[in-house]
Amino acid sequence: PLPTQGSLLYLDTLHAAFPQALAPRGTALLSWAPGHPCAPAGWPLPTLYCTPSEAGALPSRAAALRVQLLFALRARALRVLEAGLAAELHDALAALHTGWPGLAQDLALGRLSPQPGLPEDVRGRLQALLAPDTVRAAELQAECARGFEGIVQRLWPQLEVLVVGTAHGAEQLYCDALRQADCKGLPFYCPFYQAAGALLGVNLWPEEPVPRFLLCPDWAFCEFLPCPAKEEPRTVLLGELWEGREYELVLTARPGEYRCRAGEVLRVAGFHKQCPVVEHVRRESQALSVRGESITEERFCRSLCRAVGMWPGARLVDYICVESALLGASSGASAPHYEVFVELRGLRDLSEGQRYKLDQCLQEDFPIYKSFRFKGSIGPLRLHLVGAGAFARLREALGSPLPMPRVLREERLLQLIQSTVVS
């Protein structure tokens, strides 16, 4: 649970930037939290949300997002659309793209259609909260028939802001994609910075495009290792940070818990009333290293985005990179290499020359990778295109509301990839 101070700071900041944002029943929630029916941001005020808390705790992620979307569509006067992850907002809107006729019918009849992952007893309780609304159903049909660019603001004309729980790392892909299409013209606000399950900071600047977080001293005990690390690293405390420098986070969430390196690297962007304000830079814990080259998730993502820019008409939806050693015999007998699974829009296939662009970008961006490729100790990268919705199915299979890692290190995740993404 969030510290009360954090919740109040969030609500005050949201109200100051968007004066109508705290209107009663003016916030809709799109977030899957099985077994934990509460909001990921702010204070779970029953009068703030138009979404039944029970809807987010369903055993199926897809069912939870569809039910929450239906309740959001009922409320034309929404001010805030809130999602635990940008990927959840993306997947809910993807369900709108494909399923809007059924959603419009449910709105018109005031019913909740049966679906996998929605127990009948829960469906009955949620359906009792619905009433027929033919006017709203007709409006939904008319707007979706026009296409989906800017659909969010067309469906909810009074919407002021989109609140997402995480907007850095690969989640930034979804924020950028939504800004360019469905959510065009609306600001994104990421209110909190959390690491290793602890709340560490709050974003007091909701209208700025790059999230910055004020680190609050009494929420968790934080120490910092200057980057790059020295041979004998020594941690520093909040009062010893320097503006413009990067630090790796060392966290002790509560008294008596283990002290650990969280694997998060932060940059000090400035100070607010003597407290440091930080930006998230990268996660050191997620890195590719088949030969010790250590390419972080964020830097790999930048190279991938640059390569996608060379594929005319393509837009990157999501990706996962696997070190070939994890695949075992199925990766072949070549030198250790990267296996990359990519979901694209706007392009169905790639030529061999286009596929090679990613390996070429990695060589240009990382001299050590280029050196290993030249020597033959790292083999050519292998790129696999996957079908639409593959990563949504993977998130469902993972069974976790947390952000999905894009660099895989666990056998279980690999098995899920092979059963959901590749098949």
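Above: the structure in question.
Calculation criteria
Residues numbered from 1 in each chain as written. Predicted model: local features only at pLDDT ≥ 70, side-chain atom pairs only at ≥ 80, totals over all residues. Heavy atoms only, no water. Pairing = 2+ DSSP bridges. Helix = DSSP H or I, 4+ residues; strand = E, 2+ residues; numbered from the N terminus. Axes fitted to C-alpha atoms, helices over the stretch in contact; angles between N-to-C directions. Left-handed = near helix turned anticlockwise from the far one by under 90°. Contact = heavy atoms within 4.5 Å. Nonpolar A, V, L, I, M, F, W, Y, C, P; charged D, E, K, R; others polar. Polar contact = N/O pair within 3.5 Å; in protein donor to acceptor, adjacent residues only side chain to side chain. Buried < 20%, exposed > 50% of the residue type's maximum accessible area, 1.4 Å probe, protein only. Parallel < 35°, antiparallel > 145°, perpendicular 65-115°, else oblique. 1 Å grid on protein atoms, 1.4 Å probe; cavity = no way out; pocket = protein on both sides within 12 Å on 5 of 7 lines; lining within 4 Å. Points joined across faces, edges and corners; volume = space filled by probe spheres on them. Core = buried A, V, L, I, M, F, W, Y, C linked by side-chain atoms within 4.5 Å.

**Concerning the sheet that holds strand 3 (residues 161-164)**
With parallel pairing, four strands are arranged side by side in an open sheet as 1-2-3-4. Strand pairing shows two members of the sheet lacking a second neighbour, strand 1 (27-30) and strand 4 (188-189), which therefore form its edges.

**Examining the sheet that holds strand 7 (residues 213-215)**
One open sheet accounts for seven strands, arranged 5-6-7-11-10-9-8; its pairing is antiparallel. A strand with exactly one partner marks an edge of an open sheet, and here the two such strands are strand 5 (192-195) and strand 8 (221-226). Strand-to-strand twist in this sheet, taken as the mean axis angle between neighbours without regard to direction, amounts to 50°. Of the strand pairs in this sheet, strand 10 (residues 260-272) and strand 11 (residues 275-283) are connected by eight bridges, and their pairing is antiparallel. Bridge pairing in strand 11 places His272 opposite Cys275.

**So, the packing of helix 2 (residues 61-74) against helix 3 (residues 86-109)**
The geometry of helix 2 relative to helix 3 is characterised by a closest axis approach of 8 Å and an angle of 65° between their N-to-C directions. For the pair helix 2 and helix 3, the sense of crossing is right-handed. Residues Arg61, Leu65, Arg66, Leu69, Leu70, Leu73 and Arg74 of helix 2 form the contact with helix 3, whose own contacting residues are Ala87, Glu88, Asp91, Ala92, Leu96, Gly102, Leu103, Asp106 and Leu107. When grouped by side-chain class, the residues that make up the contact of helix 2 with helix 3 number nine nonpolar, one polar and six charged.

**Description of the side chain of Glu339**
Structurally, Glu339 is set in strand 15 (residues 338-345). Reaching out from Glu339, the side chain makes a polar contact with the side chain of His384 at a distance of 2.5 Å.

**Quick look at the pairing of strand 11**
By the criterion of burial, strand 11 is predominantly enclosed, with eight of the nine residues buried. Pairing of strand 7 with strand 11 involves two bridges; the strand directions are antiparallel. Looking at strand 11, one finds that Leu214 is bridged to Val277.

**Let's talk about the packing of helix 10 (residues 352-365) against helix 11 (residues 367-375)**
Interaxial distance between helix 10 and helix 11 falls to 5 Å at its minimum, and their mutual angle equals 120°. In terms of orientation, helix 10 lies oblique with respect to helix 11. Note on element contacts: helix 11 touches helix 10 through Pro367, Tyr369, Lys370 and Arg373, opposite Tyr356, Asp359, Leu362, Gln363 and Asp365.

**Here we look at the pairing of strand 15**
With respect to burial, strand 15 is a largely interior element, seven of its eight residues being buried. Both strand 14 (residues 315-323) and strand 15 contribute to a ladder of eight bridges, which runs antiparallel. Bridge pairing links Val322 to Glu339 in strand 15. Pairing between strand 15 and strand 16 (residues 382-386): five bridges, direction parallel. Bridging across to strand 16, Val340 finds its partner in Leu383.

**A word on the environment of Ser31**
Residue placement: Ser31 occurs in the loop between strand 1 and helix 2. Remark: the alpha-carbon pair of Ser31 and His97, spanning 66 residues in sequence, is separated by 18 Å.

**Things to note about the layout of surface pockets**
Volume-wise, the second largest pocket comes out at about 580 Å³. Lining the second largest pocket are 24 residues, with Ala167, Gly169, Gln172, Leu173 and Asp176 sitting closest to its centre. Contributions of two or more residues to the lining of the second largest pocket are made by helix 7 (171-180), strand 11, helix 8 (297-308) and strand 14. A breakdown of the residues in the lining of the second largest pocket according to their chemical character gives 13 nonpolar, five polar and six charged.

**Digging into the nonpolar core**
Counting 83 residues, the largest nonpolar core has Leu81, Leu89, Leu96, Val152, Trp156, Leu200 and Phe224 as the members making the most contacts within it. For Leu200, the residues in contact, after removing those within four places along its chain, are Tyr193, Ala195, Leu214, Leu215, Cys216, Trp219, Ala220, Cys222, Leu249 and Leu251. In this structure, Trp311, Cys321, Val340 and Leu344 belong to the second largest nonpolar core, which totals 30 residues.

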